[in-house]
Amino acid sequence: MNFPQFAFNNVRRNSRAYFAFFLSSAFMVMIFFSYSVFIYHPSITNIELGANSASGMQIASYIVFIFAFFFVLYSISAFLKMRNLEFGILMILGARPGQINKLILIENMLIGLLSIVTGVSFGMLLSKLFLLLSTTIMGMEPLPFYWPMKALMITSISFISLFLVISIFTLLFIRKHQVLELLKGNVKPKKEPRVSLLFSLFGLLLLTVGALAIRKQLSPSSLLVAAVTGIAGTYFFYSQLSVLGIRLLKLRRKRLWRGTNLLWISEMSYKIKDNARMLFLVTVVTSLACMASGILLSINQANSDLYKKSPFAVSYTIYDPKDEAPDLEPIHTKLKNAKVEYTENKVDLISASIQGIDKEKILGIDLISRSQFNQLGLQMDVSEVGPLSEKEAVLLLNPHMDSQNYAANRAIHLKVQKDEELMLKELRTPKVHPVDPMATSLLIVDDNLYHKISNSTEKYTRPYVKYLYKIPAWDGPTPNDSSAEAVVTRDLIQWNKAANKANHQYSSILGSRADSYLSTKQGAAMLSFIGIFIALIFSLSSASFLFFKLHTELNTDKQMYNALSKIGLSTKEMSASATKQISVLFYIPIIIATIQTLVVIRPILKQINITNVTVPVLTTSAVFLVVQTIYFLIARSRYIHSLKKIMV
């Protein structure tokens, strides 16, 4: 038997231990290859949103590759630690350090090459399905199948280099140990887990600072502080706070001595301390996946609500209006051909400015006369505004655009030739801006003041006209790409773009709630599609981390349970104790990740007026919980099955 055969037999004999690592690595290769097939498709630049989608997938492929690097590094290190005894025996039999290094290098590259071949093979088989699925979800034209030679070369070179670099890097692990230390393997007696009250309080302080930083006015600095303190606090939670909590739990003697509590609670202090880094990594990875998924689900829900609450299907805005009537015939013709009834509302507005609350910023705002606002009130489903004097106004905030802390019965300054001080008689904050969800806030003023400002030449003001179309037939469920509303308004938007281009000026804008809804939905769908596969990788890899640790500690646990079975521990009690320990390792990262996600994304989404956060986050966490439960059942089954063999 030559040296490569010896390495191959080692991998074959340890196939059960290597299987989870091999499966996760192959899955990463498959996803990376699938993204590359899409990115380097020859027709990707010829379709709408193709370039943006390819850029998004390219970023996702970088994330997959970076994560694969750390995953493979951790996994190989875990396997090398588990094989300390084997390396010690080989050295006693005369194996030189160079031969041990060669053996490790061949084994790692063998697993790596098998992962690459398997991942690329399945990626090739599923590439047509991946292209079809990706274009369908993102609302793009279908991409034909092609032979992805560039994607194949880039994937192969990238992952061969990754496994080679990590294999060389991990050789340093063996050189640090003497033969006697290697012979002890993983059966060295464990010391009592040490915990520092000072570090525990420091970890609690870090988590508190992170939670408070994210609740302040969001800025790059506050987000950085929240991220650094939150991540560091999570590590101290596992390495210090959790161990301290178990020690406090052990002080309750009455509960501790009930059933097998003494056994599994005592063991958990060791397992959590030993697995602090792994649990920390799994929690961070799961938190990132939950946050990304929760944000996307929240945006989708908010986008749907925004469409349903927008009263006008089409808006046509004309800037610098002239005396002659604009050409609205193309709009009328399109709506008549669609056989829908509509109400056309002409609204005169003035783009103006007011002084901000901090008296340093000049903020844009739209002026509308009280009479015109009340005429639209019924269609906008808002109450009328009562009589106003020339020194009074009602402010209708756009919650999506304005974050100023205005208050009723306070003065604001309207920037005109001679600044007008107006008293806010009333402040309204609707869930959706009734005129246009993306418009600035509305300042409703007295008709006389409005006409006075519109007839003057002010450098701070600019009159414009908005035509709003109420179409009851389209006030129903959210549209799709083939719905009448989407088709008609898409044609109108193209007509408006062509007209502006022909006139060499962009003096008008035609907006559509259906177009805004579908554009946001399409962008979110692209991110969701990319995120789904990254989340799957994170989830599968997290389960692999946990499986590795269980497998590494299996021999030690076998000796402990074998000794306990000789003094009366039953198989049922062993199973109950082991199940509780495994469930804590598998489920505590999900619980902590859910709490962190709720704490983090709630203030972030509040900045864009999205308050429905709890349901999307819990939905995302429930999906991760279901997937993690599947992994838990598989790992528990194999773990308990191995322990039952040594029970007396």
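Residues numbered from 1 in each chain as written. Predicted model: local features only at pLDDT ≥ 70, side-chain atom pairs only at ≥ 80, totals over all residues. Heavy atoms only, no water.

## Observations concerning the packing of aromatic side chains
Turning to step 1, where the next piece is worked out: Throughout the structure, instances matching the rule amount to 12 aromatic pairs.
Turning to step 2, where the next piece is worked out: Measuring from ring centre to ring centre gives 5.4 Å for Y587 and F632, while their planes differ by 55°; the resulting arrangement is tilted. Of this pair, Y587 sits in helix 19 (residues 571-606) while F632 sits in helix 20 (residues 614-644); the two residues are 45 residues apart in sequence, bridging distant segments of the chain. Note on accessibility: Y587 and F632 belong to one class, buried.
Turning to step 3, where the next piece is worked out: Through a chain of ring-to-ring contacts, the aromatic side chains of F199, F202, Y235, F236 and F280 assemble into a single cluster.
Turning to step 4, where the next piece is worked out: When the ring centre of Y307 is taken as reference, the NZ or CZ atom of R513 above it lies at 4.9 Å. (Phe/Tyr/Trp six-rings, centres within 6.5 Å; stacked < 30°, edge-to-face > 60°. Helix = DSSP H or I, 4+ residues; strand = E, 2+ residues; numbered from the N terminus. Buried < 20%, exposed > 50% of the residue type's maximum accessible area, 1.4 Å probe, protein only. Lys NZ or Arg CZ within 6 Å of the ring centre and 35° of its normal.)

## A word on the nonpolar core
Turning to step 1, where the next piece is worked out: Counting residues in hydrophobic clusters, the biggest one holds 80 residues, and the most contacted among them are F21, Y35, V64, V72, F163, L279 and F586.
Turning to step 2, where the next piece is worked out: Those residues in contact with F586 that lie beyond four places of it in its chain are L546, L550, Q628, Y631, F632 and A635.
Turning to step 3, where the next piece is worked out: One finds A352, L422, L424 and L443 within the second-largest nonpolar core, a separate group that totals 18 residues. (Core = buried A, V, L, I, M, F, W, Y, C linked by side-chain atoms within 4.5 Å. Contact = heavy atoms within 4.5 Å.)

## Let's talk about the packing of helix 12 (residues 276-309) against helix 19
Turning to step 1, where the next piece is worked out: One can describe the packing of helix 12 onto helix 19 by two numbers: an axis separation of 8 Å at closest approach and a directional angle of 45°. When the axis of helix 12 is compared with that of helix 19, the two are oblique. Seen along the crossing, helix 12 lies across helix 19 with a hand that is right-handed. Where helix 12 abuts helix 19, its residues L279, V282, T283, T286, S287, C290, M291, G294, I295 and S298 lie against L585, I588, P589, I590, I592, A593, Q596, T597, V600, I601 and L605.
Turning to step 2, where the next piece is worked out: Class assignment for the residues of the contact of helix 12 with helix 19 results in 14 nonpolar, seven polar and no charged. (Axes fitted to C-alpha atoms, helices over the stretch in contact; angles between N-to-C directions. Parallel < 35°, antiparallel > 145°, perpendicular 65-115°, else oblique. Left-handed = near helix turned anticlockwise from the far one by under 90°. Nonpolar A, V, L, I, M, F, W, Y, C, P; charged D, E, K, R; others polar.)

## Examining helix 16 (residues 484-502)
Think of an α-helix as turning once every 3.6 residues; residues three or four places apart then point the same way.
Turning to step 1, where the next piece is worked out: Taking 1.5 Å per residue, 19 residues should reach 27 Å; helix 16 reaches 27 Å between its end C-alpha atoms and fits that length.
Turning to step 2, where the next piece is worked out: Listed as buried for helix 16 are E485, A486, V488, T489, L492, I493, N496 and N500. (Expected span 1.5 Å × (residues − 1).)

## Digging into the side chain of N496
Turning to step 1, where the next piece is worked out: The residue N496 is located in helix 16 in this model.
Turning to step 2, where the next piece is worked out: In this structure N496 comes out as buried when scored by relative accessible area, which is 5%.

## Considering a nonpolar patch on the surface
Turning to step 1, where the next piece is worked out: A cluster of nonpolar side chains, F145, W147, M149, M153 and I157, forms an exposed patch at the surface whose accessible area comes to about 560 Å².
Turning to step 2, where the next piece is worked out: Structurally, M153 is set in helix 6 (residues 149-175). (Patch = residues over 30% accessible without salt bridge, like charges linked within 9 Å, V, L, I, M, F, W, Y side chains within 5 Å. Areas by Shrake-Rupley, 256 points an atom, 1.4 Å probe, with all protein chains shown as cover. Salt bridge = Lys/Arg side-chain N within 4 Å of Asp/Glu carboxyl O.)

## Comments concerning the side chain of S315
Turning to step 1, where the next piece is worked out: Within the element layout of this structure, S315 appears in strand 1 (residues 314-319).
Turning to step 2, where the next piece is worked out: Using a relative accessible area of 10% as the deciding quantity, one classes S315 as buried.
Turning to step 3, where the next piece is worked out: Those residues in contact with S315, other than ones at most four positions away along the chain, are D436, Y467, L468, I509, L510 and G511.

## Comments concerning the environment of I168
Turning to step 1, where the next piece is worked out: Position of I168 relative to the elements: it lies in helix 6.
Turning to step 2, where the next piece is worked out: Taking relative accessible area as the criterion, I168 reaches 48% and is therefore assigned partly exposed.
Turning to step 3, where the next piece is worked out: Along the sequence, I168 and N108 sit 60 residues apart, while their C-alpha atoms lie 9.6 Å from each other.

## Quick notes on the pattern of salt bridges
Turning to step 1, where the next piece is worked out: This model, assessed by the stated rule, comprises five salt bridges.
Turning to step 2, where the next piece is worked out: Measuring nitrogen to oxygen at the nearest pair gives 3.2 Å for the salt bridge that ties E390 to K452. In this pair, E390 is assigned in the loop between helix 14 (370-380) and strand 4 (392-396) and K452 in helix 15 (residues 447-454), connecting sequence segments 62 residues apart.
Turning to step 3, where the next piece is worked out: Of the residues examined, E390 reaches a relative accessible area of 31% and is grouped as partly exposed.
Turning to step 4, where the next piece is worked out: R513 is paired through a salt bridge with D475; the nearest N and O atoms lie 2.7 Å apart. Here the residue R513 occupies a position in helix 17 (residues 513-552), and D475 occupies one in the loop between strand 8 (462-470) and helix 16, the gap between them amounting to 38 residues.
Turning to step 5, where the next piece is worked out: Several salt bridges converge on common partners, so that one network encompasses K470, D475, E485 and R513.

## Some thoughts on the confidence of the model for the protein
Turning to step 1, where the next piece is worked out: Summing up the model confidence of the protein, the mean pLDDT is 77 and the portion of residues at 70 or higher is 81%.
Turning to step 2, where the next piece is worked out: Mean pLDDT in the protein bottoms out at helix 7 (residues 179-183), which sits at 51, and peaks at helix 13 (residues 329-337), which reaches 89. (pLDDT = per-residue confidence, 0-100.)

## Some points on unusual backbone geometry
Turning to step 1, where the next piece is worked out: Phi angles above zero are rare outside glycine, and K339 is one such case at about 60°.
Turning to step 2, where the next piece is worked out: Topologically, K339 is positioned in the loop between helix 13 and strand 2 (343-355).
Turning to step 3, where the next piece is worked out: Judged by relative accessible area, which is 77%, K339 ranks as exposed.

## Here's the deal with the environment of S454
Turning to step 1, where the next piece is worked out: Structurally, the position occupied by S454 is in helix 15.
Turning to step 2, where the next piece is worked out: S454 sits in the partly exposed class, given a relative accessible area of 28%.
Turning to step 3, where the next piece is worked out: Along the chain, S454 and L367 lie 87 residues apart, while their C-alpha atoms are 9.7 Å from each other.

## Here's the deal with the packing of helix 8 (residues 197-215) against helix 19
Turning to step 1, where the next piece is worked out: At a minimum axis separation of 8 Å, helix 8 and helix 19 run at an interaxial angle of 15°. As summarised for this structure, helix 8 and helix 19 are arranged roughly parallel, according to the angle between their axes. Where helix 8 crosses over helix 19, the two elements pack in a sense that is left-handed. On helix 19, the residues that touch A211, I214 and R215 of helix 8 are V599, V600, P603 and I604.
Turning to step 2, where the next piece is worked out: A breakdown of the residues in the contact of helix 8 with helix 19 according to their chemical character gives six nonpolar, no polar and one charged.

## Digging into helix 18 (residues 554-566)
Turning to step 1, where the next piece is worked out: In a regular helix each residue adds 1.5 Å, so 13 residues correspond to 18 Å; helix 18 covers 18 Å between its end C-alpha atoms and thus fits that length.
Turning to step 2, where the next piece is worked out: If you check which residues of helix 18 are buried, you get L554, D557, Y561 and S565. The buried residues of helix 18 all sit within an arc of 70° when viewed along its axis, so they share a single face. (Arc of directions from axis to C-beta.)

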